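# Topology and contacts: notes
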Amino acid sequence: MLCIGLVTLLSACSYTNASDTPPTPCALPQTVSYQNNVLPILKEDCYSCHNAKDYQTLTSGTLNMEDFSQLHEYTLTSNGHNNTSFLIGNIRHDPGFVAMPYGGGKLDDCEIATIEAWVNAGAPQN
Ligand code: HEC
């Protein structure tokens, strides 16, 4: 009896194969930090083009992300369209926005959620 009970218990709370595993929840910090949470994403996925040197060669995207004030301009809905900032519209691949990273790929959902939370908090340089 004990054995059957254990088997039932184990099978009830263990996953038998990878496809049963629930998606990893996105654990956003209470306060998203620019330095600790946002900047690493930008460095990894955006700086290859939007660094202080190479941004000058981008067609019309003269956005130097190493200059925080420029980055901040692109977080403002007033500078975007459809009531959405270019930064958010671009990374979400919203219709009418230029999909970023340019030329392919997309940030994962958790990275997008992190940047959105930071922008919604007013994009502080924290
Ligand atoms: C392979 C180079 C490249 C990468 C990587 C890249 N971008 Fe861009 N980005 C561009 C180019 C080129 C433009 C200009 C596009 C245009 O105006 O048609 C641009 C423009 C922009 C603009 C200006 C607004 C606009 O729509 O023109 C924003 C904001 C932006 N990128 C955000 C990002 C973010 C955020 C990432 C990282 C997730 C990223 N980019 C990664 C090349 C890149």
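I will try to describe carefully the structure that is included in this document. A quick note: this is a predicted structure, and the numbers were derived from the prediction, not measured.

Thresholds applied
- Residues numbered from 1 in each chain as written.
- Predicted model: local features only at pLDDT ≥ 70, side-chain atom pairs only at ≥ 80, totals over all residues.
- Helix = DSSP H or I, 4+ residues; strand = E, 2+ residues; numbered from the N terminus.
- Buried ≥ 20, exposed ≤ 12 C-beta atoms within 10 Å, placed from the backbone.
- Axes fitted to C-alpha atoms, helices over the stretch in contact; angles between N-to-C directions.
- Parallel < 35°, antiparallel > 145°, perpendicular 65-115°, else oblique.
- Left-handed = near helix turned anticlockwise from the far one by under 90°.
- Contact = placed C-beta atoms within 7 Å.
- Expected span 1.5 Å × (residues − 1).
- Arc of directions from axis to C-beta.

## Some details on unusual backbone geometry
With an omega of -5 degrees, the peptide bond running from M100 to P101 counts as cis. With respect to the element layout, P101 can be found in the loop between α5 (86-92) and α6 (109-120). Residue N83 is not a glycine yet carries a positive backbone phi of 60 degrees. With a phi angle near 50 degrees, A123 is a residue other than glycine that sits in the positive phi range. Overall, A123 belongs to the buried group, with 21 C-beta atoms counted inside 10 Å.

## Considering the packing of helix α2 (residues 34-45) against α6
One can describe the packing of α2 onto α6 by two numbers: an axis separation of 10 Å at closest approach and a directional angle of 130 degrees. Between α2 and α6, the angle falls in the class oblique. Considering how the two elements wind past one another, α2 and α6 form a crossing that is left-handed. Residues Y34, N37, V38 and I41 of α2 pack against E111, T114, I115 and W118 of α6.

## Comments concerning α6
Turn by turn, an α-helix covers 3.6 residues, leaving residues three or four places apart pointing in a common direction. Taking 1.5 Å of rise per residue, the 12 residues of α6 would be expected to cover 16 Å, and the 16 Å separating its terminal C-alpha atoms lies within 8% of that figure. Among the residues of α6, those classed as buried are T114, I115, W118 and V119. Down the axis, α6 shows its buried residues gathered within 130 degrees of arc, on one side only. Structural note: α6 exposes D109 and N120 on the side pointing more than 90 degrees away from its buried face. The inward-facing, buried residues of α6 contact α2 and α5. Directly beyond the C-terminal end of α6, a positive phi value near 95 degrees is found at G122.

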